[in-house]
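The residues making up each chain are set out below.
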Amino acid sequence: MAEFFYDNQIRRFLLQFAKIFSNWQVTKGKDPAGNPILVRVPIMYGDSSRQAATIIANNSASNLPSAPLITYYISALEYDQKRTQDPTYTEVINVRQRAYNNETQSYDTVQGQAFNVERLMPVPYTLRINVDLWTTNVNQKLELVEQLGTLFNPAMEIQSTDNFIDWTSLTVVYQDGLTFSSRQIPQGTGNPIDVLTWKFYMPIWISTPAKLKKFSVVGKIINSIFATKAVDDIQDEDLLLGTRRKVTPYGYKVLLLGNTLQVLPEATAFYPGNNNLDLPANPNTDIYWSSVLNVAGTIKPGISQIWLQNPFMATDIVGTIVPNPNDDRLLIYNIDPDTLPQNTLDPVDGVINPQLTGPNAGLPGSVNGCRYLLTDNIGSPGSITVSWGGLIAHANDIIEYNAGASAWVVSFNSLTTTPTTLEYVTNLTTNVQYRFVDGTWMKSYEGWYGAGDFSIVI
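Residues numbered from 1 in each chain as written. Predicted model: local features only at pLDDT ≥ 70, side-chain atom pairs only at ≥ 80, totals over all residues. Heavy atoms only, no water.

K.L.:
Talk me through the overall build of the protein chain; I want residue IDs and the actual numbers.
P.N.:
On a plain count of helices and strands, the protein chain comes out with five helices and 29 strands. Within the protein chain, the proportion of its 458 residues that are buried is 38%. Taking the intrachain contacts of the protein chain between residues at least 6 apart in sequence as the baseline, contacts between residues at least 24 apart amount to 62%. As displayed, the protein chain offers around 26,300 Å² of accessible surface, 54% of which is attributable to carbon and sulfur atoms. (Helix = DSSP H or I, 4+ residues; strand = E, 2+ residues; numbered from the N terminus. Buried < 20%, exposed > 50% of the residue type's maximum accessible area, 1.4 Å probe, protein only. Contact = heavy atoms within 4.5 Å. Areas by Shrake-Rupley, 256 points an atom, 1.4 Å probe, with all protein chains shown as cover.)

Below is the structure:
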């Protein structure tokens, strides 16, 4: 069974038609100063037979007829074959709204929601309407005709709705004849109210419901040439090298530092890279998040998300976004901690070059449990070392001071690991997490993300 729908389309045309005949006035005698008394003529919907019964009887034989009055009613609704166009035609339009600020009760200067509207070819009809002018004398009738008769030369345009994507809202009202009086040869002593019947018609359209689709953001497009099912291609992360291609619109990249995300142009060089411990500085660019995110629609601060895909992680990093009020190049990125790797080693107090610094030589004195991640060797032949109490350690090792033994010891030996060893540790000084993989330490998740490695979720 077809789905029910009703949109008051004909009713809206009737309401706009009634407004043409609203608030007109006629004279009803003169006041003691000789000025004409003006009376507003009301209008209501109803055909002549029903309206006559209401006016004349009104459920009481003692009531006097009420006039002047304007009534209107539909006399015919005809299918207009000559205006028929391609009934299978579908028009697709894209709509982008300005964002509405509920706090200020006004529209902002940025883009709001984005929609795709598919509307079908409407059906043409001719709507015929009769208007009855009920008057108590000929002078009132002439007054109304003189005021209204100049509006339709040859027609008057009306609009049923202010929706700019409603292509059926506009129509014109044509007059189609006039019967000046309803009176005939009098019979008996009755004095019926004289009625002028004015005929009008409007070419209208009746539409089926439009299909409305909300735009989403294509943050990442994956094309697969692997000879298998499409769904499997998209979900399978183990396809052979070269069978998948990731594309980001405009080739934008992002830089994650702490809790900020910066959008970067396609030509941005990754230096220093993600495969070391050094954090890069924010490049000086002229690309702003507002222009990038506006393509997606309305961003909901604290709700909308950006997902980052790290090649060393099985799942995406997920965080909510809030525009930075001081710098539109940056987003405040609140990462869900459950989507980050968990530390596998106790945190370190810093990352140091033991050839240049040591206890009481650029570093605090030895304290039990103090831990450092080394970027160079200690005690290697020919090296200039600061005294570490005879400790021998290597770059990428983690050393720790043992107060009980009054000595520095190797807590994590990078040389005894295997190619599959994966460890995580956090630097307490910078709050940066590091990853140990393939025999070296690097930044865990902060750093550069290339085109195709981030997705926007509105």
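K.L.:
Which residues make up the sheet that holds strand E25 (residues 423-427), and what values do they have?
P.N.:
Pairing is antiparallel in the open sheet, where three strands are placed in the order E25-E26-E27. Each end of this open sheet is capped by a strand with a single partner; those strands are E25 and strand E27 (440-443). Within the sheet, the average angular offset between the axes of one strand and its neighbour, ignoring direction, is 30°. Alignment of E25 against strand E26 (residues 432-437), held across five bridges, turns out to be antiparallel. Following the sheet pairing, Glu 423 is matched in E26 by Phe 436. (Pairing = 2+ DSSP bridges. Axes fitted to C-alpha atoms, helices over the stretch in contact; angles between N-to-C directions.)

K.L.:
Describe the environment of Thr 171, with residues and values.
P.N.:
Positionally, Thr 171 belongs in strand E9 (residues 170-179). Judged by its relative accessible area of 4%, Thr 171 is buried. Between the C-alpha atom of Thr 171 and that of Ile 204, which follows or precedes it by 33 residues, the distance is 6.2 Å. Residues within four places of Thr 171 in sequence aside, it is in contact with Phe 13, Met 156, Glu 157, Ile 158, Met 202, Pro 203 and Ile 204. A distance of 2.4 Å separates a polar atom in the side chain of Thr 171 from the backbone oxygen of Pro 203. (Polar contact = N/O pair within 3.5 Å; in protein donor to acceptor, adjacent residues only side chain to side chain.)

K.L.:
Describe a nonpolar patch on the surface, listing the residues and the values that go with them.
P.N.:
Taken together, Val 138, Leu 142, Leu 178 and Phe 180 make up a surface patch of nonpolar side chains, about 340 Å² in accessible area. Here Val 138 is to be found in helix H3 (residues 138-148). (Patch = residues over 30% accessible without salt bridge, like charges linked within 9 Å, V, L, I, M, F, W, Y side chains within 5 Å. Salt bridge = Lys/Arg side-chain N within 4 Å of Asp/Glu carboxyl O.)

K.L.:
Describe the side chain of Glu 423, listing the residues and the values that go with them.
P.N.:
Topologically, Glu 423 is positioned in strand E25. For Glu 423, which is buried and forms no salt bridge, the nearest opposite charge comes from Arg 371, at a distance of 9.1 Å. A polar contact is formed between the side chain of Glu 423 and the side chain of Thr 344, at a distance of 2.5 Å. Apart from the residues within four sequence positions on either side, Glu 423 is in contact with Thr 344, Leu 345, Phe 412, Tyr 434, Arg 435, Phe 436 and Trp 441. (Lys, Arg positive; Asp, Glu negative; His and termini not counted.)

K.L.:
Outline the sheet that holds strand E17 (residues 317-323), supporting the account with residue identities and numerical values.
P.N.:
The strands that make up a sheet pair up through hydrogen bonds in the backbone, lying either parallel or antiparallel. An order of E28-E14-E15-E18-E17-E16-E29 is seen for the seven strands of this open sheet, with the pairing classed as antiparallel. In the strand order of this sheet, the two ends are held by strand E28 (447-449) and strand E29 (454-457), each with one partner. Sheet twist, expressed as the mean angle between neighbouring strand axes with direction ignored, is 35°. Pairing analysis gives five bridges linking strand E14 (residues 253-257) to strand E15 (residues 260-264), with the strands arranged antiparallel. Bridge pairing in E15 links Leu 257 to Thr 260.

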